[in-house]
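Inside the fold
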Amino acid sequence: MITVADIIRDGHPSLRKTAEEVPMPPSAEDKQTLAEMMEYVRNSQNPALAEKYGLRPGIGLAAPQIDCLKRMIAVHVTDTDGKLYSFALFNPKIVSHSVEKAFLTSGEGCLSVDEPFPGFVPRYARITLKAFDIDGREVKLRLRGLPAIVFQHEIDHLNGVMFYDHINKENPFEIMKDALPIER
């Protein structure tokens, strides 16, 4: 079981490295790791379980955050219409995206980052991604709004990119032209 102690913190060198592709079909060990990542994200959103196990609430987790340099992510998030996006994926890749940008009005946070980084993080408003599910079957997802932002955040981790890298250093709260503000 993954705990808060397993999540590495900002400054750890693994957070700046590019993760390796996971060979398909996935090994039993990789499937187990991905299942445990999803279990963490789900349990962290349950107040009773989060308190019992001392979990910091999160809506996504990437393997590099547990010092595993493999292309695996787990996301468990509900969009503004109440639709649940719960996916444990190997080798996610954005295959297309909108020109339109979006950002969370509250800014972004991260399980690996303890201190706040105020500012807007520009992301694509819509993305299409391809990946493999926990059983190695190909998956294609079309995402928009909050789920699109969360998946981009986690995929960034696979490429050694942190959310605050995207914040405008000169004007952190600059609203990008025609960008879609998303409430969280």
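As the structure is a prediction and not an experimental result, all values here were calculated from the model. (Residues numbered from 1 in each chain as written. Predicted model: local features only at pLDDT ≥ 70, side-chain atom pairs only at ≥ 80, totals over all residues. Heavy atoms only, no water.)

So, the sheet that holds strand 6 (residues 126-132)
- Taken together, five strands build an open sheet; the order of strands is 1-2-3-6-7 and the sheet is antiparallel. Because the sheet does not close on itself, it has two edges, and the strands there are strand 1 (60-62) and strand 7 (138-144). Averaged over all pairs of adjacent strands, the angle between strand axes in this sheet comes to 40 degrees, irrespective of strand direction.
- Across seven bridges, the pairing between strand 6 and strand 7 is antiparallel. Bridging from a neighbouring strand, Thr128 pairs with Arg142 of strand 7.
- Where helix 1 (residues 28-44) meets the sheet, its contacts fall on strand 1, strand 2 (72-78) and strand 3 (84-97), and the angle it forms with strand 2 comes to roughly 25 degrees. (Pairing = 2+ DSSP bridges. Helix = DSSP H or I, 4+ residues; strand = E, 2+ residues; numbered from the N terminus. Axes fitted to C-alpha atoms, helices over the stretch in contact; angles between N-to-C directions. Contact = heavy atoms within 4.5 Å.)

Structural notes on the pattern of salt bridges
- Here the structure, examined in full by the defined rule, presents 13 salt bridges.
- The residue Asp30 makes a salt bridge to Lys70 at a minimum N-O spacing of 2.6 Å. In this pair, Asp30 is assigned in helix 1 and Lys70 in the loop between strand 1 and strand 2, connecting sequence segments 40 residues apart.
- Residue classification places Asp30 among the buried positions, given a relative accessible area of 5%.
- In this structure, the salt-bridge partner of Arg137 is Asp133, at a minimum N-O distance of 3.2 Å.
- For Arg137, a relative accessible area of 52% gives the class exposed.
- The exposure class of Asp133 is buried, given its relative accessible area of 15%. (Salt bridge = Lys/Arg side-chain N within 4 Å of Asp/Glu carboxyl O. Buried < 20%, exposed > 50% of the residue type's maximum accessible area, 1.4 Å probe, protein only.)

A word on the UniProt feature "binding site: Fe cation" (unreviewed entry) in the protein chain
- UniProt records the feature "binding site: Fe cation" (unreviewed entry) at Cys110, His153 and His157, using the numbering of this structure. Over a stretch of 48 residues, the named residues converge on one spot in the fold, their C-alpha atoms separated by at most 10.3 Å.
- Within the secondary structure, Cys110 is located in the loop between strand 4 (101-104) and strand 5 (123-124).
- Filtering out sequence-adjacent residues up to four positions away, Cys110 remains in contact with Arg56, Gln65, His153, His157 and Phe163.
- Relative to the assigned elements, His153 resides in helix 3 (residues 145-158).
- Sequence-distant contacts of His153, that is, excluding residues within four places in its chain, are made with Glu108, Gly109, Cys110, Arg123 and Phe163. (UniProt positions renumbered as here; feature names shortened; annotations may be inferred.)

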